[in-house]
There are 2 protein chains.
Amino acid sequence: MTQAANRNLAEAIDFRKNGGVVPVVAQDHFSGRVLMLAYMNRAAFEETVATGRACYFSRSRNALWRKGEESGNYQVVREIRIDCDHDTIVLSVEQRGDGVACHEGYQSCFFRMLKDGEWQTVEPRKIDPAKYGPGYGHHRKPAA
Amino acid sequence: MTQAANRNLAEAIDFRKNGGVVPVVAQDHFSGRVLMLAYMNRAAFEETVATGRACYFSRSRNALWRKGEESGNYQVVREIRIDCDHDTIVLSVEQRGDGVACHEGYQSCFFRMLKDGEWQTVEPRKIDPAKYGPGYGHHRKPAA
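Residues numbered from 1 in each chain as written. Chains lettered and ligands numbered in written order. Predicted model: local features only at pLDDT ≥ 70, side-chain atom pairs only at ≥ 80, totals over all residues. Heavy atoms only, no water.

## Here we look at the relation of the copies chain B and chain A
Thinking step 1. The two copies are related by a screw operation: chain B maps onto chain A through 180 degrees of rotation and 0.0 Å of translation along the axis, at an RMSD of 0.0 Å. When the rotation and shift are considered jointly, the pair of chain copies conforms to a two-fold rotation axis. For chain B, the residue whose C-alpha comes nearest the rotation axis is Gly-32 of chain B, separated from it by 2.7 Å.
Thinking step 2. When the interface residues of chain B are mapped onto chain A, 100% of them again fall at the interface, so both copies present the same face. (Least-squares fit on C-alpha atoms with pLDDT ≥ 70 in both. Contact = heavy atoms within 4.5 Å.)

This is the structure in structure tokens:
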């Protein structure tokens, strides 16, 4: 896609409502499972469209967050949808690398469910995130 | 669930990070489709747990938003999940009423997709929201 077309797409997104970012839901392209929620600013959106890989904006680090750069757990973007109010995005992605979106080593960040009156972990951890290095995940959410 | 247990569940949610609310993804319990993204404050979460129906917090109206109160398009909550950082919720819901989550009359708020370099509406409107009354939807997002 040309740079100009990419800019026009971003124009349609209301980044102002939420301080320069919009929430982004990443959903597994095959299973439909919600993997994580993160944020994009305009630059992150434009990079995602240009590269076809999910790039978010880390609010804690105040920087672009190229998901998988450190862990290899990147996301190939298959579909991008926008909501009625133009202030939320859904990505349909193929989760690559170890198949975990969560920095704690779970397939999805949503591994805790309300059950019998408490929050319970309802699925196994797939990967020990220590494999990604000693400093991994301390400033990141989810698996960088 | 007792009031006390309900309060303990809310204690685990980090409402401070985002000004008293957390983003909430509502997903169709049967198809897995992402229907909408909204927000909950603590009271909305507690009401949702207590009643089993999705109650959000409207940031524009600064009030609890009992989804479906006006349109009949309420949501029966089947599962509640929380993410690794305790600041985002996913609801698995049965969308009742006319089966539309979006105040524009679409099944999902995410009816526009990036396609051939532009945002395209990729599915039919299911309902004309005018049926819910003349003032419907003007201050609401999505179908109240």
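From this point on, the discussion continues.
## With respect to the interface of chain B and chain A
Thinking step 1. Counting residues at the interface gives 43 residues for chain B and 43 residues for chain A.
Thinking step 2. The junction of chain B with chain A conceals about 3,600 Å² of combined surface from both sides, 64% of it contributed by carbon and sulfur atoms.
Thinking step 3. Here chain B is connected to chain A by two salt bridges.
Thinking step 4. The shortest N-O distance in the salt bridge between Arg-81 of chain A and Glu-123 of chain B comes to 3.6 Å.
Thinking step 5. Across the contact surface, chain B and chain A share twelve residue pairs in polar contact (both at pLDDT 80 or more).
Thinking step 6. The element contributing the most residues to the side of chain B that touches chain A is strand E5 (residues 75-82) of chain B, with four residues.
Thinking step 7. Along the lines of polarity and charge, the residues of the side of chain B that touches chain A split into 24 nonpolar, seven polar and twelve charged. (Buried area = accessible area lost by both parts, 1.4 Å probe. Salt bridge = Lys/Arg side-chain N within 4 Å of Asp/Glu carboxyl O. Polar contact = N/O pair within 3.5 Å; in protein donor to acceptor, adjacent residues only side chain to side chain. Helix = DSSP H or I, 4+ residues; strand = E, 2+ residues; numbered from the N terminus. Nonpolar A, V, L, I, M, F, W, Y, C, P; charged D, E, K, R; others polar.)

## Thoughts on the pattern of salt bridges
Thinking step 1. Throughout the structure, instances matching the rule amount to 22 salt bridges over all chains.
Thinking step 2. A salt bridge links Lys-17 of chain A to Asp-87 of chain A; the shortest N-O distance between them is 2.7 Å. Residue Lys-17 of chain A is located in the loop between helix H1 (3-11) and strand E1 (22-28), and its partner Asp-87 of chain A is located in the loop between strand E5 (75-82) and strand E6 (89-95); the two are separated by 70 residues in the primary sequence.
Thinking step 3. Through salt bridges with shared partners, one network takes in Arg-33 and Glu-123 of chain A together with Glu-79 and Arg-81 of chain B.

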